[in-house]
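One-letter residues, chain by chain:
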Amino acid sequence: MGTVVQAAVLRSVGGPLAVEQVELPEPGPGQVRVRLAATGVCHSDLSLARGTLAQPVPAVLGHEGAGTVAAVGEGVAGLAAGDPVVLNWTPPCRTCWFCLQGEPYLCERAGDAAQRPYGRLRDGTPVHPGLGVGAFATETVVGANACIRLPADVPLVEAALLGCAVLTGVGAVRNAARVRPGQSVVVIGLGGVGLAAVQGARIAGADPIVAVELASDKADLARRLGATHVLAPSADLGKRIRALTGGRGADHAIECVGRAETIRSAWSVTRRGGRATVVGLGSRTDTLTFNALELTHFARTLAGCMYGDSDPTADVPVLLDHYHNRRLDLRALVTDEITLDDVEDAFARLAAGRGARSVIRFQPDR
Ligand SMILES: [Zn+2]
Ligand SMILES: [Zn+2]
């Protein structure tokens, strides 16, 4: 006997999401059933739906979720029905080489759950959980290691954003770039991740914090969250940023778009010896080139970053401390509250660069 839930199902890559019933089994050993309260719509969901990132189908996407534990399987310790949790889409095994190396965001087994069907459509077809989470649904079943307990006082619609955008954006600044007080930071792209990176830069004590974004409607929001300057992309962007950074270029650039053109910009606006951190997930067909001289001449670091190089178990409590002390504004990142039927509209906003995060709200009371 399983549980029948409502889910936005992707039947074929490139096709639309449609809300239908999915039957989930009772949680097995080490698993937990979570009743979602809220799920953010992330650009990676759009990439999975459109085939830029690989996704077995049919699938229930959605990986930025928060909710309450509905049932626990055998052998699950530390979680009980009713506990509020945020979901981790890279649940670490804690035993592989990467985990033991202190790099749980690169865990060899973190992607396993996404490859296995976790439930069935009404006609019996096995269905996969997108990124192992399947949070575009009223409930999901995940490993207990994908659940991070939350205090009772955090609204789950805000807590959901911790699960991807905020761990990724703040983590890129804190864990990957390791920005120090007084350093200059440029953030390129102001979606949910970019706006979280701006806040991360403010928390780190960066100055100036220059946000680069095409959509002018996000300038006020970026300033409110910590940007000291907001610039539109332009051919002379490097010159304008050098003018703000003693003629040198920025100590750090954080690229939150995932396109060759913006990665190139992040590289170009960084000072000699500076660091460009690439957070945006791009496509394998979008390539960029470097001439052989500039790599040594500029002595910059260009580094990728996965999930903000975070260990959510350790980093979520740190983020919650910033939240409780009003250094981290989660509410401001939620620009659209939607229902499960409206994920396609949220995808359209993401593709057009409108708004920060659209968040599906399943339980209006929390
Ligand atoms: Zn995401
Ligand atoms: Zn591992």
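Quantities reported herein were computed from a predicted structural model and do not represent experimental measurements. (Residues numbered from 1 in each chain as written. Chains lettered and ligands numbered in written order. Predicted model: local features only at pLDDT ≥ 70, side-chain atom pairs only at ≥ 80, totals over all residues. Heavy atoms only, no water.)

Asks: Any details on the overall build of the protein? Residues and values, ideally.
Replies: Secondary structure summary: the protein contains twelve helices and 18 strands in total. A compact globule built from 366 residues should have a C-alpha radius of gyration of about 21 Å, and the protein, at 20 Å, falls within 12% of that. Dimensions of the protein, computed from the C-alpha atoms along their principal axes, are close to 65 × 40 × 40 Å. Put simply, the protein has 366 residues, and 57% of those count as buried. A sequence separation of at least 24 residues applies to 70% of the contacts in the protein between residues at least 6 apart. (Helix = DSSP H or I, 4+ residues; strand = E, 2+ residues; numbered from the N terminus. Rg over C-alpha atoms; globule rule 2.2 N^0.38 Å. Buried < 20%, exposed > 50% of the residue type's maximum accessible area, 1.4 Å probe, protein only. Contact = heavy atoms within 4.5 Å.)

Asks: Give a detailed account of the sheet that holds strand E13 (residues 229-231), specifying residues and quantitative values.
Replies: On the basis of which strands lie adjacent, the open sheet formed by six strands has the order E13-E12-E11-E14-E15-E16 and parallel pairing. A single partner strand is all that each edge strand has here, and the edge strands are E13 and strand E16 (301-304). Strand-to-strand, the axes of this sheet are offset by a mean angle of 20°, without reference to chain direction. As paired strands, strand E11 (residues 185-188) and strand E12 (residues 209-212) are joined by four bridges and run parallel to one another. Note that in E12 the partner of Val187 across the bridge is Ala211. Relative to the sheet, helix H8 (residues 237-244) contacts E11, E12, E13 and strand E14 (250-255), its axis offset from that of E13 by approximately 170°. With respect to the sheet, helix H9 (residues 260-268) is in contact with E11, E14, strand E15 (270-278) and E16, its orientation differing from that of E15 by roughly 150°. (Pairing = 2+ DSSP bridges. Axes fitted to C-alpha atoms, helices over the stretch in contact; angles between N-to-C directions.)

Asks: Quick rundown of helix H1 (residues 43-50)? Include the residues and the values.
Replies: Burial analysis of H1 places six of its eight residues in the buried class, which makes it a mostly covered element. Along H1, the residues classified as buried are Ser44, Asp45, Leu46, Ser47, Leu48 and Ala49. Tucked into the core, H1 has its buried residues touching strand E1 (3-10), strand E3 (31-41) and helix H12 (343-352). Two residues or fewer past H1, Gly51 is found with a positive phi of approximately 95°.

Asks: Give me the lowdown on unusual backbone geometry, citing residues and values where you can.
Replies: Cis geometry marks the peptide bond from Val57 to Pro58; its omega dihedral reads -5°. Even without glycine at this site, Arg94 takes up a positive phi of about 65°. Tracing the backbone through its elements, the reader meets Arg94 in the loop between strand E6 (84-87) and helix H2 (97-100). In this model, Tyr307 sits at a positive phi of 55°, which is unusual for a non-glycine residue. Locating Tyr307 in the fold gives a position in the loop between E16 and helix H11 (312-324). Exposure remark for Tyr307: the relative accessible area of 3% places this residue in the buried category.

Asks: Can you lay out the side chain of Arg300 for me, pointing to particular residues and giving the numbers?
Replies: With respect to the helices, strands and loops of the structure, Arg300 is situated in the loop between helix H10 (292-298) and E16. One buried charged residue, Arg300, remains without a salt bridge, the closest side chain of opposite sign being Glu294 at 5.0 Å. At 2.8 Å, the side chain of Arg300 forms a polar contact with the backbone oxygen of Thr270. Among all residues touching Arg300, those that are not within four sequence positions of it are Trp267, Ser268, Thr270, Arg271, Gly273, Gly274 and Leu295. (Lys, Arg positive; Asp, Glu negative; His and termini not counted. Salt bridge = Lys/Arg side-chain N within 4 Å of Asp/Glu carboxyl O. Polar contact = N/O pair within 3.5 Å; in protein donor to acceptor, adjacent residues only side chain to side chain.)

Asks: I'd love a proper account of the nonpolar core, names of residues and values included.
Replies: Membership of the largest hydrophobic core comes to 103 residues, with the highest contact counts inside it found for Phe136, Leu162, Val166 and Ile254. In terms of residue count, helix H5 (residues 165-176) provides more of this core than any other element does, seven residues in total. Counting twelve residues, the second-largest nonpolar core is a separate cluster that includes Ile188, Val212, Leu237 and Val269. (Core = buried A, V, L, I, M, F, W, Y, C linked by side-chain atoms within 4.5 Å.)

Asks: Could you give me a rundown of the packing of aromatic side chains, with the residues and numbers involved?
Replies: If you walk through the whole model with that rule in mind, you get three aromatic pairs. Consider the rings of Trp89 and Tyr307, whose centres lie 4.2 Å apart with planes at 15°: the pair is stacked. Of this pair, Trp89 sits in the loop between E6 and H2 while Tyr307 sits in the loop between E16 and H11, placing them 218 residues apart in sequence. Of the two residues, Trp89 and Tyr307, both sit in the buried class. (Phe/Tyr/Trp six-rings, centres within 6.5 Å; stacked < 30°, edge-to-face > 60°.)

Asks: Which residues make up the state of the cysteines, and what values do they have?
Replies: A full pass over the atoms with the stated rule returns zero disulfides. Considering cysteine sulfurs only, Cys256 is the nearest to Cys305, which forms no disulfide, with 8.8 Å between them. Judged by its relative accessible area of 13%, Cys305 falls in the buried class. (Disulfide = S-S within 2.5 Å.)

Asks: Hey, could you go over the coordination of the zinc ion (ligand 1) for me, with residue numbers and the actual values?
Replies: Cys42 (SG), His63 (NE2) and Cys164 (SG) make up the full set of protein donors to the zinc ion (ligand 1), lying at 2.0 to 2.2 Å. Each donor residue of the zinc ion (ligand 1) lies on one chain, and together they are spaced C-x20-H-x100-C. With Cys42 in the loop between E3 and H1 and His63 in the loop between strand E4 (59-60) and strand E5 (64-72), the pair connects residues that are 21 residues apart, well separated along the chain. For the pair Cys42 and His63, a shared accessibility class is recorded, and that class is buried. (Donors = N, O, S within 2.8 Å, 3.2 Å for Na, K, Ca; no water.)

Asks: Explain the packing of H1 against H12 residue by residue, including any values.
Replies: Remark: H1 packs on H12, axes separated minimally by 10 Å, with the N-to-C direction vectors making an angle of 105°. With respect to each other, H1 and H12 are oriented roughly perpendicular. Taking contact as the criterion, the partners of His43, Asp45, Leu46, Ala49 and Arg50 in H1 are, on H12, Glu344, Phe347, Leu350 and Ala351. For the contact of H1 with H12, a count of residues per class yields five nonpolar, one polar and three charged. (Parallel < 35°, antiparallel > 145°, perpendicular 65-115°, else oblique. Nonpolar A, V, L, I, M, F, W, Y, C, P; charged D, E, K, R; others polar.)

Function cannot be inferred from these measures alone, as they are strictly geometric.
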